[in-house]
Each structure stands twice: as structure tokens, then as C-alpha cells.
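Working through the structure, step by step
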Amino acid sequence: MHNMTPEQSRMARAALNWNLETLAFKSGVSRNTISRFEAGNPANKATITAMRLTLEAAGVIFIDQNGEGPGVRLKKQP
């Protein structure tokens, strides 16, 4: 698993229509920590992993850098 960028975190929340409070509640990471991370401030690996695993469990797929920059998409619904 690769790291998640602040931009990917914001994109993933937007795709799920989640606000900071929703991600904080579901991931166990404080709202302020998520906000600081998404603003570009450093966060520890365990914090980023908790957020990413929560977003992935909700259906987000993280796309690595491929020449156009990293991104996200939602899993196909059955």
C-alpha cells in the first residue's frame, strides 16, 4: 500500500460525499488532524493508514502517480 496524498484524501471524501467529521468518526482520527493533513502538513504513517483503510473500505480505489498525478475513483457497484 502506498501513501495517500492530502489531495487524494480530499478527493476521496468528495467522492463519498463525506465531511471531515464523517471521516474522523469512521477512522478514529481527529478532525483537526485530518484537516491539518489535508492542508499539507505532515501526519504519521499510522494516521494516514487508518484514514486510507477507512476510505478503501467505503469503496475508494487509490490510483498511483501515472504521469498525470495520483487520484481516486470509486469501486464499480454491482
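You'll find the structure just up there.
Residues numbered from 1 in each chain as written. Predicted model: local features only at pLDDT ≥ 70, side-chain atom pairs only at ≥ 80, totals over all residues. Heavy atoms only, no water.

1. Remarks on the packing of helix H2 (residues 20-27) against helix H4 (residues 45-57)
Just so we agree on the cut-off: Angles shown run from 0 to 180 degrees and are taken between the N-to-C directions of axes, each axis being a line fitted to C-alpha atoms and, for helices, limited to the stretch in contact. Strands are runs of DSSP state E lasting at least 2 residues, helices are runs of H or I lasting at least 4, and numbering of each runs from the N terminus. To sort the angles, those under 35 degrees are grouped as roughly parallel, those over 145 as roughly antiparallel, those from 65 to 115 as roughly perpendicular, and the leftovers as oblique. A contact between two residues is defined here by any heavy atoms of the two lying within 4.5 Å. Residue polarity follows a fixed list, in which Ala, Val, Leu, Ile, Met, Phe, Trp, Tyr, Cys and Pro are nonpolar, Asp, Glu, Lys and Arg are charged, and the others, Gly among them, are polar.
Close contact between H2 and H4 brings their axes to 9 Å; oriented N to C, the two are set at 100°. The pairing of H2 with H4 is recorded here as roughly perpendicular in orientation. Contacts between H2 and H4 pair Leu23, Lys26 and Ser27 from the former with Ala50, Met51, Thr54 and Leu55 from the latter. Here the residues of the contact of H2 with H4 are counted per class, giving 4 nonpolar, 2 polar and 1 charged.

2. Quick look at the pairing of strand S1 (residues 60-63)
In summary, the side chains of a regular strand alternate between the two faces of the sheet. The criterion, for reference: Buried residues are those whose accessible area, probed at 1.4 Å on protein chains only, stays under 20% of the maximum for their type, while exposed residues exceed 50% and partly exposed ones sit between those limits. A pair of strands counts as paired when DSSP detects no fewer than two bridges linking them.
Every second residue of S1 is oriented toward a common face, the buried set being Val60 and Phe62 and the non-buried set Ile61 and Ile63. In this sheet, strand S2 (residues 71-74) lies alongside S1 in antiparallel orientation, the contact comprising 4 bridges. Across the sheet, Phe62 pairs through a bridge with Val72, a residue of S2.

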